[in-house]
Amino acid sequence: MFYILTAIFLWSSLGIVIKLSGMPVHLLMFFSCIISVSLIGLILTKKEFRQYMPNRKGVLHLFVLGLISLINTFSFFYAYKNTSVANAVLTHYTAPVMVAFLAPIFLKERLTVRVLIAVAVATAGLWIMLGVSVSHFFSLVIAGDKDAGGILAGLFSGFAYAVLIIIIRILAQNLNPMIMTFFQNLFIAAMLLPSVSFSQALNWWAFGVMGVVHSTIAPILYFRGMRDVTANKTAILGYLEPVCAIVLGMIFLEEAVNYKTIIGGSMILFSGYLTIKS
C-alpha cells in the first residue's frame, strides 16, 4: 500500500506542471515517455533483467496496456488543460465506481449493496458539480465550451482509468513493474510519434520533471503496489490524489474552488469511502 500511496502523491502534482508548461498535451506525453524509456532502458541492459523480458504474448498484453494508458493519459491531460484542477481530478476519480462494476466481471471481486449506494452518491455528486442538466451539459460541449469539454474529458479518462486498473491488476501478478513501465511508455511514444513536430519551442524542464517523476518513478511504484492490493482498494486509495491536487492547485495556481465543486466532489470522495468500507 505504501508504494501506491507514494505514487498517488507524486501524480497529484501533475496538473501544476501541465498548466505551467503551456505545452500541447501530445508533446507533454511524447517527450516525458521518451525520457522515461531512455532512463529505464539503461537499467534494463543489465543481465539480471533479461529473465523478466516478456514473450510474444506478453508484449501483446503490454501493447494493450500502452493503448489504454494513452487514452487515459491524453484525456486526463486534456481535462487539466481545459478546466480547473479540481474539476479534472474529481471527474477522473469516478473511476473507482466504474471499477466496482468491472472488477466482479473480470477479477471475480465482490459487488455489494454498499457499492451500489456508492455509485448513486457519486452520480449525484457529479450532477451537482456539473451544475446543469445532462442535456444542457452536452449542448455546452457541442458548442465548444472549454470548461464543459474538460469535464467530459475527465469523465472519459475516469472510464479509461478504471479499465487500466483492471488490466494492471491482472498483468502485475506476472510481470516486473519496471518492464511494464518501459513497454507502456515505449508504445505510447510510438503511437504519438506521427503527430509530433520538432520545430516549435519546447519546455524541457516540464518534460524532464514529468519523464522522471510522473512517467518513471510513480508508475513503477504503482505497478509494484498492485501486486498486493486489490483493484477496488487501489482505486479508492487514488482518492487521495484529487485532495492533494486541489490543495496544490490552490497554492501554486491560485485556483478558486466553488461550492458546487466542494459539495459534488465531497460526495464523490464519500462514495469512495463507502466502496472501500464494503
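None of these values were measured; they are calculated from a predicted model.

1. With respect to the overall build of the protein chain
Argument step 1. A tally of helices and strands in the protein chain yields 14 helices and zero strands.
Argument step 2. Mapped in sequence order, the helices and strands of the protein chain form the string α-α-α-α-α-α-α-α-α-α-α-α-α-α.
Argument step 3. Taken over C-alpha atoms, the radius of gyration comes to 18 Å for the protein chain, in line with the 19 Å a tight globule of 278 residues would show.
Argument step 4. Within the protein chain, the fraction of its 278 residues that count as buried is 54%.
Argument step 5. Taking contacts inside the protein chain between residues at least 6 apart in sequence as the whole, the part at least 24 apart equals 90%.
Argument step 6. Working note: accessible area of the protein chain is about 12700 Å², and carbon and sulfur atoms make up 69% of it.
Argument step 7. In the protein chain, which carries 17 positive and 8 negative side-chain charges, the distance between the mean positions of the two groups comes to 13 Å.

2. So, a nonpolar patch on the surface
Argument step 1. Together, Leu 60, Phe 63, Val 64, Leu 67, Ile 71 and Phe 156 give the surface a local cluster of nonpolar side chains, amounting to about 490 Å² of exposed area.
Argument step 2. Mapped onto the secondary structure, Val 64 falls in helix α4 (residues 56-82).

3. Examining empty space enclosed by the protein
Argument step 1. Tallied over the full model, the rule gives two cavities of 30 Å³ or more.
Argument step 2. Empty space within the largest cavity amounts to approximately 410 Å³.
Argument step 3. Those elements that provide at least two residues to the lining of the largest cavity are α3 (25-44), α4, α9 (146-171), α10 (177-192) and α11 (204-225).
Argument step 4. Here the element with the most residues in the lining of the largest cavity is α11; it accounts for six residues.

4. A few points about the packing of helix α6 (residues 95-106) against α9
Angle between the axes and distance between the axes: these two values describe a pair of packed helices.
Argument step 1. At a minimum axis separation of 9 Å, α6 and α9 run at an interaxial angle of 35°. As for the relative orientation of α6 and α9, their crossing is right-handed in sense. Facing α6, whose interface residues are Ala 95, Met 98, Val 99, Leu 102, Ala 103 and Phe 106, α9 presents Leu 155, Gly 158, Phe 159, Tyr 161, Ala 162, Val 163, Ile 165 and Ile 166.
Argument step 2. Here the residues of the contact of α6 with α9 sort into 13 nonpolar, one polar and no charged.

5. Some words on the confidence of the model for the protein chain
When pLDDT drops low, the exact placement of atoms in the prediction is not to be read closely.
Argument step 1. Here the protein chain averages 82 in pLDDT, while 92% of its residues score no lower than 70.
Argument step 2. Mean pLDDT values for the elements of the protein chain range from 66 in helix α8 (residues 134-142) up to 92 in α10.

6. A word on α10
Argument step 1. Compared with the 22 Å implied by 1.5 Å per residue over 16 residues, the 23 Å span of α10 between its first and last C-alpha is a close match.
Argument step 2. Of all the 16 residues making up α10, 13 are buried; the element is thus mostly covered by neighbouring parts of the structure.
Argument step 3. Of the residues that open α10, the one with a side-chain oxygen 2.8 Å from the backbone nitrogen of Met 178 is Asn 176.

7. Regarding the side chain of His 214
Argument step 1. Its location among the elements puts His 214 in helix α11.
Argument step 2. Assessed through its relative accessible area of 6%, His 214 is described here as buried.
Argument step 3. The residues contacting His 214, other than those within four sequence positions of it, are Leu 10, Trp 11, Ser 13, Leu 14, Val 17, Val 209 and Pro 219.

8. A word on the packing of aromatic side chains
Argument step 1. Summed over the entire model, instances satisfying the criterion amount to eleven aromatic pairs.
Argument step 2. When the centroid spacing of 6.2 Å and the interplanar angle of 65° are considered together, the rings of Phe 2 and Tyr 3 count as edge-to-face.
Argument step 3. Ring pairing ties together the aromatic residues Phe 30, Phe 31, Trp 204 and Phe 207, which thus form one cluster.

Thresholds, definitions, all that
Residues numbered from 1 in each chain as written. Predicted model: local features only at pLDDT ≥ 70, side-chain atom pairs only at ≥ 80, totals over all residues. Heavy atoms only, no water. Helix = DSSP H or I, 4+ residues; strand = E, 2+ residues; numbered from the N terminus. Rg over C-alpha atoms; globule rule 2.2 N^0.38 Å. Buried < 20%, exposed > 50% of the residue type's maximum accessible area, 1.4 Å probe, protein only. Contact = heavy atoms within 4.5 Å. Areas by Shrake-Rupley, 256 points an atom, 1.4 Å probe, with all protein chains shown as cover. Lys, Arg positive; Asp, Glu negative; His and termini not counted. Charge placed at Lys NZ, Arg CZ, Asp CG, Glu CD. Patch = residues over 30% accessible without salt bridge, like charges linked within 9 Å, V, L, I, M, F, W, Y side chains within 5 Å. Salt bridge = Lys/Arg side-chain N within 4 Å of Asp/Glu carboxyl O. 1 Å grid on protein atoms, 1.4 Å probe; cavity = no way out; pocket = protein on both sides within 12 Å on 5 of 7 lines; lining within 4 Å. Points joined across faces, edges and corners; volume = space filled by probe spheres on them. Axes fitted to C-alpha atoms, helices over the stretch in contact; angles between N-to-C directions. Left-handed = near helix turned anticlockwise from the far one by under 90°. Nonpolar A, V, L, I, M, F, W, Y, C, P; charged D, E, K, R; others polar. pLDDT = per-residue confidence, 0-100. Expected span 1.5 Å × (residues − 1). Polar contact = N/O pair within 3.5 Å; in protein donor to acceptor, adjacent residues only side chain to side chain. Phe/Tyr/Trp six-rings, centres within 6.5 Å; stacked < 30°, edge-to-face > 60°.

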